Amino acid sequence: MQNASQLIGADSQISHWHSFESQESINQAVLKRILQAADSAIAARGSFSIVLAGGSTPKQVYALLRHADADWSKWHVYHNDDRCLPADHADRNSLMARQVWLDHVAIPANQIHDIPAELGPVEGAKAYAETLKGLGDFDLVLLGVGEDGHTASLFPGHTWDDSVDAFPVFDSPKPPAERISISARRLSQAREVMFLVTGAGKQEAVDNWRRGVAIPATVIRPEAGVDVYCFGVKLS
Ligand code: 6PG
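Below, the structure is looked at part by part. (Residues numbered from 1 in each chain as written. Predicted model: local features only at pLDDT ≥ 70, side-chain atom pairs only at ≥ 80, totals over all residues. Heavy atoms only, no water.)

1. Thoughts on the pattern of salt bridges
Phase 1: Throughout the structure, instances matching the rule amount to 14 salt bridges.
Phase 2: Here aspartate 114 ties to arginine 98 by a salt bridge, and the two come within 2.7 Å at their closest N and O atoms. Placement of the pair is aspartate 114 in the loop between helix H3 (93-100) and helix H4 (121-132) and arginine 98 in helix H3, with a sequence separation of 16 residues.
Phase 3: Judged by its relative accessible area of 24%, aspartate 114 is partly exposed.
Phase 4: Residue class for arginine 98 comes out partly exposed when judged on its relative accessible area of 22%.
Phase 5: Here aspartate 165 and arginine 185 are joined by a salt bridge, their closest N and O atoms 2.7 Å apart. With aspartate 165 in the loop between strand E6 (138-144) and strand E7 (166-169) and arginine 185 in helix H5 (residues 184-188), this residue pair connects regions lying 20 residues apart in the sequence.
Phase 6: Given a relative accessible area of 27%, arginine 185 falls into the partly exposed group.
Phase 7: Beyond isolated ion pairs, a larger network of salt bridges with shared partners links Arg33, Glu192 and Asp227. (Salt bridge = Lys/Arg side-chain N within 4 Å of Asp/Glu carboxyl O. Helix = DSSP H or I, 4+ residues; strand = E, 2+ residues; numbered from the N terminus. Buried < 20%, exposed > 50% of the residue type's maximum accessible area, 1.4 Å probe, protein only.)

Rendered as structure tokens:
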């Protein structure tokens, strides 16, 4: 059971809100939306590009994708950000996705594009910008939201460089301080953008978002607007 509503928020981000009554129902709805996006992209263009959210929220959905029936040979996987830690560090977003999903399905290895964050913020961002060069719109971008309203590694009160596709972060308030993020502009070049927001800890960020406060999540502005899938937060 979900209910949906639309808002035009800070500086005209169009957001479609979907609230769910259980973790299971939101997980299943997000899984279904991802697989539908893949089917339509593959039917239309022969491939599917997805940008993964980091953090802990998407882990259960990634674990469900491990058992999904999909044409994995056509999937191209990217990450919206990662932490500048060794590739095998438990806090790496890319490692989490590999452990619960990507290492267990037949996506060709050269179609899984981890951010080389182990190179450090500057070198890693340069290398990832090269990886993204020449790609068209992403088919689907998944994003999380932090308690302070950040998304990817776009943090409140920080400036970020939108002239590049990927940029270094040296002073993240969410540890570790050094990260690499795809830029707001590049994340917005997407056919579909879905935010996954769960837990009471995100209530203030959601309230601010829906009140039109310009939290970083509002700078993601794809043409079709963004879909915000919520569980455990009230939509007033
Ligand atoms: C990261 C993420 C970050 C995350 C939010 C939500 O590397 O930390 O990219 O933007 O999505 O902080 O994190 P949770 O899902 O753990 O609440």
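2. Examining the nonpolar core
Burial of nonpolar side chains together is a common tendency in soluble globular proteins.
Phase 1: In terms of nonpolar packing, the biggest core is built from 37 residues, with Phe195, Trp209 and Ile220 touching the most fellow members.
Phase 2: Of all the secondary structure elements, the ones that give two or more residues to this core are H4, E6, E7, strand E8 (179-182), H5, strand E9 (190-198), helix H6 (203-211) and strand E10 (226-231).
Phase 3: Excluding anything up to four places from it in sequence, phenylalanine 195 contacts Leu143, Gly144, Val145, Thr151, Trp209, Ala217, Ile220, Val226, Asp227, Val228 and Tyr229. (Core = buried A, V, L, I, M, F, W, Y, C linked by side-chain atoms within 4.5 Å. Contact = heavy atoms within 4.5 Å.)

3. Re unusual backbone geometry
Phase 1: In this model, proline 175 is joined to proline 176 through a cis peptide bond whose omega is 0°.
Phase 2: Phi angles above zero are rare outside glycine, and alanine 152 is one such case at about 50°.
Phase 3: Relative to the elements of secondary structure, alanine 152 occurs in the loop between E6 and E7.
Phase 4: Residue classification places alanine 152 among the buried residues on the basis of a relative accessible area of 9%.

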